[in-house]
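Residue-level structural notes
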Amino acid sequence: MEVIILFSVFLVLLLVGMPIAFALGLASLSYLLLEGISLTIVPQRMYAGIDTFVLLCIPGFVLAGNLMNVGNITDHIVRFSNALLGHIRGGLGLANVAGSMIFGGISGTAVADSASIGSVMIPGMARSGYDKPFAAAVTAASSTVGPIIPPSVPMIIAGSLSGISVGRMFLAGAVPGLLMGLAMMITVYILAVRRGYPKEQRVPFLQLLREAKTAFWALLMTVIILYGIIGGFFTPTEASIVACLYALVVGMYVYKGLSWKKLPAILSDTVLTSSALLLMVGLANLFGWILTSEQIPQMIASLILSISDNPLIVLLILNLILLFVGAFMETIAALIILFPALVGVATGVGVDPVHFAVIAVLNLMIGLTTPPVGVCLFVVAGIGKLPMLTVAKAIVPFLLCNLAVLLLVTYVPAISLWLPNLLMGE
């Protein structure tokens, strides 16, 4: 009975628009009061949820993303992408996807990508003759590539929950992320040709070289992060700090968009964003502890395995569960609550845990662009001043192409495992 009340309170609070962290906390509180459990368990479980060294990556990568935005690094990424692809039909849409792939390879968060790339590209595409809903849809869809291409905040969370190597997960996400980006570029081009979207004049070769030279420092950031982790020079947590220092120096002394006066506002925004994420992690851990104490994960595992123990069928069921949950719940909360149980089911039928981690994150990233709780949809709808439903309709072709990539990644493990096995051994 108490478990039913737990889920009922949680769902009602979500439906009335309560932030996910508070919905998790209040639902957990209602359960504890009904069960007569001491409320001292609340700070204990919250602290246990965030007392993981690897979670220090989160404020690090959030700060790096903020420094990039204010330091004009994002603008140079967009300009280079546009110079490279703008002459193709629908070139600004292609540049939008390319910019998201590059930016996502530094910030590791989809929402930051939507906000930063969207603030530049949505107005720019609208002025150039693109439908604004299309521009918003491209931005929202392509932002989901960010947490697949390393670094990835959701993969950091998954690693902290399961003990899976974060470095291996980062590498495992690289090829699926590139496939997602390529699939969305193909979708953009097909829609652009059908709808007659414009193309820019081809940029002279010397100007392209100038844009590449200017963007070099921004592109080098991704190389430093990945090479440093793969080469064993620093951990993912240390990589986030290196990214911050690099973004600070480049933004202040190369691109000169940063100044010492802007740092307090940047740090304040980083603290607010990071604290909100870590509060959610702590409260989701409390919620997850309640589910574990009620043996809900074991019940889910038994139910799935009672249907079939065929890995192909089990993976299909896990995909459906994650897609459904991703449509209603924020990524990090969903990972904390579901990932430990579902990874146990997957590994129980012979699925590699790193492979399943990529599948889980990919599912939940798709959820960021599906109603009713598609956070990236809300972000781009706000930037474009559009009704959320309008953006949701425009994003359907991109959802379909991302689902196709999801199926490919699910049933061809080598797509995820080839690179980590090559560089780090099996």
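In this text, all values refer to a predicted model and were calculated from it rather than measured experimentally.

Scoring rules and cut-offs
Residues numbered from 1 in each chain as written. Predicted model: local features only at pLDDT ≥ 70, side-chain atom pairs only at ≥ 80, totals over all residues. Heavy atoms only, no water. Helix = DSSP H or I, 4+ residues; strand = E, 2+ residues; numbered from the N terminus. Rg over C-alpha atoms; globule rule 2.2 N^0.38 Å. Buried < 20%, exposed > 50% of the residue type's maximum accessible area, 1.4 Å probe, protein only. Contact = heavy atoms within 4.5 Å. pLDDT = per-residue confidence, 0-100. Arc of directions from axis to C-beta. Axes fitted to C-alpha atoms, helices over the stretch in contact; angles between N-to-C directions. Parallel < 35°, antiparallel > 145°, perpendicular 65-115°, else oblique. Nonpolar A, V, L, I, M, F, W, Y, C, P; charged D, E, K, R; others polar. Patch = residues over 30% accessible without salt bridge, like charges linked within 9 Å, V, L, I, M, F, W, Y side chains within 5 Å. Areas by Shrake-Rupley, 256 points an atom, 1.4 Å probe, with all protein chains shown as cover. Salt bridge = Lys/Arg side-chain N within 4 Å of Asp/Glu carboxyl O. Core = buried A, V, L, I, M, F, W, Y, C linked by side-chain atoms within 4.5 Å.

Right, let's get into the overall build of the chain. On a plain count of helices and strands, the chain comes out with 21 helices and zero strands. In summary, the chain has a C-alpha radius of gyration of 21 Å against a globular reference of 22 Å for 426 residues, a match within 12%. Taking the principal axes of its C-alpha atoms as reference, the chain extends roughly 70 × 50 × 45 Å. Across the 426 residues that make up the chain, the buried fraction comes to 54%.

Considering the arrangement of structural elements, one finds L305 in helix α14 (residues 296-307). Residues L305 and I317 lie 12 residues apart in sequence; the distance between their C-alpha atoms is 10.0 Å. Once residues lying within four places of it in the same chain are set aside, the contact partners of L305 are V314, V345 and V349.

Along the chain, F287 falls in helix α13 (residues 263-293). Judged by relative accessible area, which is 1%, F287 ranks as buried. It is 8.9 Å that separates the C-alpha atoms of F287 and I336, two residues lying 49 residues apart in sequence. Ignoring sequence-local partners within four residues, the contact set of F287 consists of L6, F7, F10, L24, A27, S28 and I337.

Residues at a pLDDT of 70 or more form 96% of the chain, whose mean pLDDT is 83. Mean pLDDT values for the elements of the chain range from 73 in helix α7 (residues 110-127) up to 94 in helix α20 (residues 396-411).

What follows covers helix α3 (residues 41-50). Of the residues making up α3, those classed as buried are I41, V42 and G49. Along α3, the residues classed as buried sweep out an arc of 105° about the axis, all on the same side. Buried residues belonging to α3 abut α2 (20-35) and α13.

A separate point is the packing of helix α8 (residues 132-143) against helix α10 (residues 166-195). For the pair α8 and α10, interaxial distance at closest approach is 11 Å and the crossing angle is 170°. In terms of axis orientation, α8 runs roughly antiparallel to α10. The residues of α10 that touch α8, namely those facing F134, V138, A141 and S142, are M184, V188, L191 and R195. A breakdown of the residues in the contact of α8 with α10 according to their chemical character gives six nonpolar, one polar and one charged.

Residues L303, I307, L312, I313, L316, L320, L407, L408, Y411 and V412 make up a contiguous nonpolar surface patch of roughly 890 Å² in combined accessible area. Among the secondary structure elements, those contributing two or more residues to the nonpolar patch are α14, α15 (311-326) and α20. Top element by residues in the nonpolar patch is α15. It accounts for four residues. Structurally, L312 is set in helix α15.

This brings us to the nonpolar core. L24, F134, F339, F356 and F398 are the most contacted members of the largest nonpolar core, which totals 143 residues. If one sorts the elements of this core by residue count, helix α16 (residues 331-348) sits on top with 12 residues. The residues contacting F356, other than those within four sequence positions of it, are L318, L322, F339, L342, V343, A346 and V351.

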